[in-house]
Amino acid sequence: MKRTIFGGIVGMMGICLLLGTVVWSADTVNFGVCEIRSGAFKDNGDRTIWGIEAAVNEANSKGGLLGKKIELVIEDNQGKGEIGVQKAKKLVMQDNCVVVIQGSSSGVGGAIGQAMPRLKRIYLDTNAEAMDITGKNFNPYVFRTCLNAGMHVKALAHYFGKKTQYRKVFLINQDYSWGYDVAKYYEAAIKQFAPNTQVVGKEFHQVFNKDFAPYVSKITASGADYVISGNWGTDLTQLVVQSRKLGMKIPIGATFLDDDGVMNIAREAAEGCIQANMYILGIDSDKARAFEDTFHKYSGGKWPSFVIMEAYIGTKMFIEAVRKAGSFDTDKIIKAFEGMTWDGPIGPITMRPEDHQAQMPAVIAEYASKTKYYDFPYLKPIMTIPASEISVSLEESGWKPYKE
Amino acid sequence: MRGSRFGWIRIALVILVLLVLPKLISEYRLNLVITMMIYSIFALSYNLLFGQGGLLSFGHAAYFGFGAYATVILVKQLAMPLPLGILLGGLAGAFLGLAFGVFVVRMRGVPFALLTLAFNQLIYVTAEKWRAVTGGEDGIAFIRPNLNLGGWEIDLWGTLNWYYFVLLVTLICVGCLWYLTLTPLGRLNLCMRENEDRARFIGYNTYASRLIIYILSGFFAGVAGGLAAAFQEFVTTTFINLDKATDVLMMTFIGGGGTFFGPVIGSCALILINDLLSTWMERWAIVQGLLFILLVLYAPNGLSGLYRSIRERWAKQKTGATQP
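Residues numbered from 1 in each chain as written. Chains lettered and ligands numbered in written order. Predicted model: local features only at pLDDT ≥ 70, side-chain atom pairs only at ≥ 80, totals over all residues.

## Digging into the overall build of chain B
The condition that has to hold: Numbering goes from the N terminus for both helices and strands, where a helix is a DSSP run of H or I of at least four residues and a strand is a run of E of at least two. Each radius of gyration reported is based on C-alpha atoms, and the globular scaling rule is 2.2 Å times the count of residues to the power 0.38. Our contact criterion uses C-beta atoms placed from the backbone: two residues qualify when those atoms are within 7 Å.
Assigned secondary structure in chain B consists of 13 helices and four strands. Taken over C-alpha atoms, the radius of gyration comes to 20 Å for chain B, in line with the 20 Å a tight globule of 324 residues would show. Looking at chain B alone, contacts between residues at least 24 apart form 75% of all its contacts between residues at least 6 apart.

Structural data, given as structure tokens:
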């Protein structure tokens, strides 16, 4: 038995030893991607990777970054914070990545963000929107290039408060931090844009809820004029589809309806829904068309929707920050990134230096039965909102300065 | 006598390898070894019930997670020194072991497994819903504090010092668990696995004995949870969920519950396989599942059992070949 012990443990150590070799080339620079590549959220992870790949292909086709070809090292965080941290360590310590990119999960993002001061590399959050990542748990190694929850719902509040006469809102969200953030920040934002708005109901349901009928009954009974929901994935599709089947016709303001996967399932049921994001396909301007066409070219025929677009923009912004820094040194990139303005498809995107939360305009879109992008109903933009209108102050976001 | 001396030499050699390991492998691999050591404690604590006690539990993550939350809350909120926080995390696991053990050790087989599962889910749902204390699904983040030994401060920020700290705790825990197997209680645990009625007939209080084993198992799982939380610098509901409960079962099964160090081998193997496969391929979970099925079919006693049977077969062949 003791021989088993000895053989087993020494064997394991030997394998570790063999695998400990670090190999990287002087002509390339590694970008680490720590995304969900297995399980229920794999689709989200894949889409994020498509966006990152398109930005990297584009940069490489134009001579790379500071004379080096960018290579992606992709790891599966399995949607778990502890695995995410383990993989982030691998990407930094073993693969010498200059950045770790993750966007599909706020939970994983929060955990990776906390680990970065030890690793002394940048965590680029391209699409995880939980407030705490750049708010309460801020540290200088984390940069977020997408909207946060507060900004996202503020765009919706701006639309419903200023562009409609609806004054009774029902908030239905998932029972975790994201859902609570959506409810809390929407209530605050709608008071700013339409103080006479009444919140007639507020519900938090479990993630992956199957039956929305009881919630639809409550919404109908409340007399709400419209619904606001930060639901995503099947929780959004089911809410939209089931509510329409049960006869609820009032508008649903959503944050993740621009996911073409969701729209492919919801289809006509999404009629009457309103969506907000930092960019939504179909903006009628030369700059926006150039943005979409460039992505289309470097992504092998895809369109920059939902998290694909966010990951694409985030990676392009990071590449720009490295160019500005003229170095792959983390401290220099941080300095260059802070306060940097990048020319986005609908206007400038500025990285706020204090909390590293990008400030940007937003797009509001409504249901469209036909678009040039997909062979199922999607969305069409109806208005843009300036960055100043949706900005959430440091105090409002719960920001705290970083202490080592 | 001679065999025993060789045994000690082998153990000393393993410790020596572990001591010089930071010089031999990369920092990332050292992080993996830290993970392996922490999960080795967790798997060994589980093996007190599964391998040595013959009790299949689906709820061991509850003690791991409870210990993790207790450590983080005590260290973060009460600024408690980390070693004390981890020790109290272990005691929290032991306390939970007592609270649940009173009910579950009366059961055997399927009812035991289902009850442990139910208690695990109870703790999981509590952690998920009691956001004010546990932070819900977002968990609690904290900074691992330095170690203060009477004015002499040891920096636990770096991987190296943290590795030696975890190594020390692991050696203490493994030593205690090994010693337990040599005590009358440890022997009785094996005896109860083989024939509990007989143990009772010869005068042992099997209920009390099983309860003590259950509490000790909870203690070491709590220590492992505290270490894991300090390593990750955060704790969340994934520390208590069913994935974690099945992970420890798989670690023990893969290594082999029939030997003391089988779970250690299992935890090292599973962590390594998981890490390598998920790097090499997208559908790694399928391969991991297939490997597990093959192991169940062809090596039901785990890797240590497989090694032992190969060695025995080889020895038999050798003996047969030398016979006239």
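## Looking at the packing of helix α3 (residues 61-77) of chain B against helix α9 (residues 206-232) of chain B
Residue and element names in this part refer to chain B. Spelled out, the test is: For helices, the fitted axis covers only the stretch in contact; all axes are lines through C-alpha atoms, and the angles between them, taken along N-to-C directions, range from 0 to 180 degrees. Each angle gets one of four labels, with under 35 degrees taken as roughly parallel, over 145 as roughly antiparallel, 65 to 115 as roughly perpendicular, and the rest as oblique. In this scheme, a crossing is called left-handed if the near helix is turned counterclockwise away from the far one by less than a right angle; it is called right-handed if the turn is clockwise. Charged means Asp, Glu, Lys or Arg here, nonpolar means Ala, Val, Leu, Ile, Met, Phe, Trp, Tyr, Cys or Pro, and polar covers whatever is left, Gly included.
Two numbers describe how α3 lies on α9: the axes approach to 6 Å, and their chain directions differ by 50 degrees. Classified by the angle between their axes, α3 and α9 sit oblique to one another. The two elements α3 and α9 cross, and the hand of that crossing is right-handed. Between α3 and α9, the contacting residues are Y63, F64, G65, F66, G67, A68, T71 and V72 on the first element and G218, A221, G222, V223, A224, G225, G226, A228, A229 and A230 on the second. The residue makeup of the contact of α3 with α9, split by class, is eleven nonpolar, seven polar and no charged.

## Structural notes on the environment of L295 of chain B
Locating L295 of chain B in the fold gives a position in helix α12 (residues 284-298). Taking the C-alpha atoms as reference points, L295 of chain B and L306 of chain B, eleven residues apart in sequence, are found 9.1 Å from one another.

## Regarding helix α11 (residues 306-325) of chain A
Note the threshold: The span you would expect from a helix comes to 1.5 Å times its residue count less one.
Taking 1.5 Å of rise per residue, 20 residues should cover 28 Å, and α11 of chain A covers 29 Å from first to last C-alpha, within 8% of that figure. Positive backbone phi, approximately 70 degrees, marks G326 of chain A, located one or two places after α11 of chain A.

## Notes on the pairing of strand β11 (residues 341-344) of chain A
All names here are of chain A. Definition in use: Any residue surrounded by 20 or more other C-beta atoms within 10 Å of its C-beta is treated as buried, while 12 or fewer makes it exposed and the intermediate range makes it partly exposed; C-beta atoms here are placed from the backbone. Strands pair, by our definition, only if DSSP identifies at least two bridges between them.
Along β11, the buried face is formed by W342 and G344; none of T341 and D343, which line the opposite face, is buried. As defined by bridge partners, β11 adjoins strand β12 (residues 347-351) across four bridges and the pair is classed as antiparallel. Looking at β12, one finds that W342 is bridged to I349. Taking the residues between adjacent antiparallel strands as the criterion, β11 and β12 are bridged by two residues.

## Some remarks on the nonpolar core
In plain terms, the rule: A set of buried Ala, Val, Leu, Ile, Met, Phe, Trp, Tyr and Cys residues, joined to one another through C-beta atoms within 7 Å, is what we call a nonpolar core. Marked domain ranges trace back to an automatic or database domain assignment.
With 214 residues, the main nonpolar core has Y186 of chain A together with I38 of chain B as its most contacted residues. Element by element, the count of residues in this core is highest for helix α2 (residues 27-49) of chain B, at 16 residues. Counting contributing residues per domain, this core is built from domain 1 (26-147 + 284-360) and domain 2 (150-277) of chain A, each supplying no fewer than three. Beyond its immediate sequence surroundings of up to four residues, I38 of chain B is in contact with V166, A224, L227, A228 and F231 of chain B.

## Some details on the sheet that holds strand β10 (residues 273-277) of chain A
Residue and element names in this part refer to chain A. In spatial order, the strands read β7-β6-β8-β9-β10-β14-β15; together these seven strands make up an open sheet with mixed pairing. Of all strands in the sheet, those bounded by a partner on one side alone are β7 (198-205) and β15 (378-385). Here the average twist between neighbouring strands, direction ignored, is 25 degrees. In the packing of helix α6 (residues 177-193) onto the sheet, contacts are made with β6 (168-174), β7 and β8 (226-229), and the angle to β6 comes to roughly 160 degrees.

## Digging into the sheet that holds strand β5 (residues 142-144) of chain A
Pairing between sheet strands relies on hydrogen bonds along the backbone, with the strands arranged either parallel or antiparallel. Residue and element names in this part refer to chain A. Taken in spatial order, the five strands line up as β2-β1-β3-β4-β5 in an open sheet, and their pairing is parallel. Pairing within the sheet leaves two strands with one partner each, and these edge strands are β2 (69-76) and β5. Recorded for the sheet is a direction-independent mean angle of 25 degrees between the axes of neighbouring strands. Pairing between strand β4 (residues 122-125) and β5: three bridges, direction parallel. Residue pairing for β5: Y123 is matched across the bridge by V142. Lying over the sheet, helix α3 (residues 81-94) contacts β1 (28-35), β2 and β3 (99-102), oriented at roughly 175 degrees with respect to β1.

## Considerations on the packing of α3 of chain B against helix α5 (residues 109-129) of chain B
Residue and element names in this part refer to chain B. Following both chains from N to C, one finds α3 and α5 inclined at 30 degrees, their axes separated by 9 Å at the closest point. In terms of axis orientation, α3 runs roughly parallel to α5. As α3 runs across α5, the sense of the crossing is left-handed. Residues A61, A62, G65, F66 and Y69 of α3 form the contact with α5, whose own contacting residues are F119, N120, I123 and A127. Split by residue class, the contact of α3 with α5 holds seven nonpolar, two polar and no charged.

## Considerations on the confidence of the model for chain B
Residues and elements named next belong to chain B. What counts here: For every residue, the pLDDT score states the predictor's confidence, bounded by 0 at the bottom and 100 at the top.
Chain-level pLDDT for chain B is 91 on average; 97% of the residues reach the 70-or-more range. For chain B, the element scoring lowest by mean pLDDT is helix α13 (residues 302-322), at 81; helix α4 (residues 82-104) scores highest, at 97. On the interface metric, ipTM, the complex scores 0.76, and its pTM is 0.83.

## Digging into the domain arrangement of chain A
All names here are of chain A. Domains assigned within chain A are domain 1 (26-147 + 284-360) and domain 2 (150-277). Placing a centre on the C-alpha atoms of domain 1 and another on those of domain 2 gives a separation of 28 Å. The interface of domain 1 with domain 2 comprises eight residues on the first partner and eleven residues on the second.

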